[in-house]
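# Geometric and topological summary
Chain residues, written in single-letter form:
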Amino acid sequence: MCDSCGCPADNSTSARRIDLAQDILSRNNDIAGHNRRHLRDRAIFCLNIISAPGSGKTSFLERLGRDYGRETAMAVIVGDQQTDNDQRRLQEAGLAAVQINTGAACHLDADMVHRAMHKLDLASCKLLIIENIGNMVCPTAYDLGEELRIAVISTPEGEDKPAKYPDLILSSDVLLINKVDLLPYLTFDLQECCRQVEEIKPGLPVFAVSATSGEGMAAFWQWLKERWPAE
Ligand SMILES: Nc1nc2c(ncn2[C@@H]2O[C@H](COP(=O)(O)OP(=O)(O)O)[C@@H](O)[C@H]2O)c(=O)[nH]1
Ligand SMILES: [Mg+2]
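Quick summary incoming for the structure in this document. Keep in mind the model is a prediction, meaning the values are calculated, not measured. (Residues numbered from 1 in each chain as written. Chains lettered and ligands numbered in written order. Predicted model: local features only at pLDDT ≥ 70, side-chain atom pairs only at ≥ 80, totals over all residues. Heavy atoms only, no water.)

### Thoughts on the packing of helix α2 (residues 57-68) against helix α3 (residues 85-92)
Under the convention used in this document: Where helices are involved, their axes are fitted lines through C-alpha atoms of the stretch in contact, as for all axes, and angles between N-to-C directions lie from 0 to 180°. Helix and strand assignments come from DSSP, with helices taken as H or I runs of at least 4 residues and strands as E runs of at least 2, each series counted from the N terminus. By the definition adopted for this analysis, an angle is roughly parallel if under 35 degrees, roughly antiparallel if over 145, roughly perpendicular if from 65 to 115, and oblique otherwise. For a crossing to be left-handed, the near helix must be turned anticlockwise from the far one by less than a right angle; the clockwise case is right-handed. Between two residues, a contact is recorded if the distance between any of their heavy atoms is within 4.5 Å. Three categories are distinguished: nonpolar for Ala, Val, Leu, Ile, Met, Phe, Trp, Tyr, Cys and Pro, charged for Asp, Glu, Lys and Arg, and polar for the others, with Gly belonging to the last.
Close contact between α2 and α3 brings their axes to 9 Å; oriented N to C, the two are set at 20°. Comparing their axes, α3 and α2 come out roughly parallel. Between α2 and α3 lies a crossing of right-handed hand. Residue-level inspection shows Thr-58, Ser-59, Leu-61, Glu-62 and Arg-66 of α2 in contact with α3, the latter providing Asp-86, Arg-89, Leu-90 and Glu-92. Split into classes, the residues belonging to the contact of α2 with α3 amount to two nonpolar, two polar and five charged.

### Remarks on the sheet that holds strand β7 (residues 206-208)
To keep it simple, the criterion reads: Pairing between two strands requires that DSSP report at least two bridges joining them.
Read from one edge to the other, the open sheet built from seven strands follows the order β3-β2-β4-β1-β5-β6-β7, with strand pairing classed as parallel. A strand with exactly one partner marks an edge of an open sheet, and here the two such strands are β3 (96-101) and β7. Taken pair by pair, the neighbouring strands of this sheet meet at an average axis angle of 20°, ignoring direction. Here strand β5 (residues 148-154) runs beside strand β6 (residues 174-178); their pairing, made up of five bridges, is parallel. Bridge pairing in β6 links Ala-151 to Leu-175. Packed on one face of the sheet, α2 meets β1 (45-51), β2 (74-80), β4 (127-131) and β6 and runs near 165° to β4. Lying over the sheet, α3 contacts β2, β3 and β4, oriented at roughly 175° with respect to β3.

Geometry only, nothing functional implied.
Right, dumping it as structure tokens:
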């Protein structure tokens with residue numbers, strides 16, 4: 001288990017630790033199931049976005065809100081260790097947003113999301129997006145009740161991130177490669193990055209996007225809408 005937060009994301013071989021980790025995950029999965037049923041009953045589609053800090057999760061959501069918020073009512077639950085900076089940014093972009101501060105914990109769990117859901121007015125909401133804590137490892141173990149999991153890496157992080165963090169790729173339904181507007185200034189090898197993804201999870205959809213310029217956003221939105229159950 002991860003000593004800082006008790007998350008079961010390491011390879012400890014101690015039987016007691018494994019039992020405890022299974023208990024934590026089993027309780028989490030029960031609450032995630034409850035979240036999923038609650039959202040499905042209300043026809044709300046839910047996404048869980050996971051990346052390193054600074055990959056552009058909040059920027060991407062600000063853009064999504066500005067470009068598509070009038071067409072589709074969206075709300076965001078956003079997790080950070082401290083501050084309500086992201087909540088304020090998202091609200092300024094016209095989105096309903098609730099901030100979770102996790103303190104020492106390095107991931108969101110289903111119970112935190114459940115409590116945050118009750119702080120939002122979801123009556124007219126069609127899309128609930130959870131921006132997870134910036135961390136490419138611990139959040140991957142926690143189902144939050146989402147329908148789709150979105151992994152984000154950004155070009156300044158380097159093309160080797162899929163190979164270094166395969167659990168993120170394996171547990172995700174789509175990968176966004178953000179900050180492609182910076183490609184002319186970096187050595188980031190897009191083809192090599194996609195090759196690594198294909199080796200880890202063949203067929204995983206990948207979108208090259210820029211939250212700054214808007215490149216790739218329309219293609220991603222179109223793909224996302226096709227995954228929505230017909231109303
Ligand atoms: N050039 C460029 N910068 C970006 C892009 N997306 C985000 N950023 C910048 O990256 C930094 C971190 O973005 P933020 O959205 O806070 O990342 P988060 O921690 O994943 O939520 C900010 O300075 C953003 O302006 C992008 O597509 N292109
Ligand atoms: Mg953020």
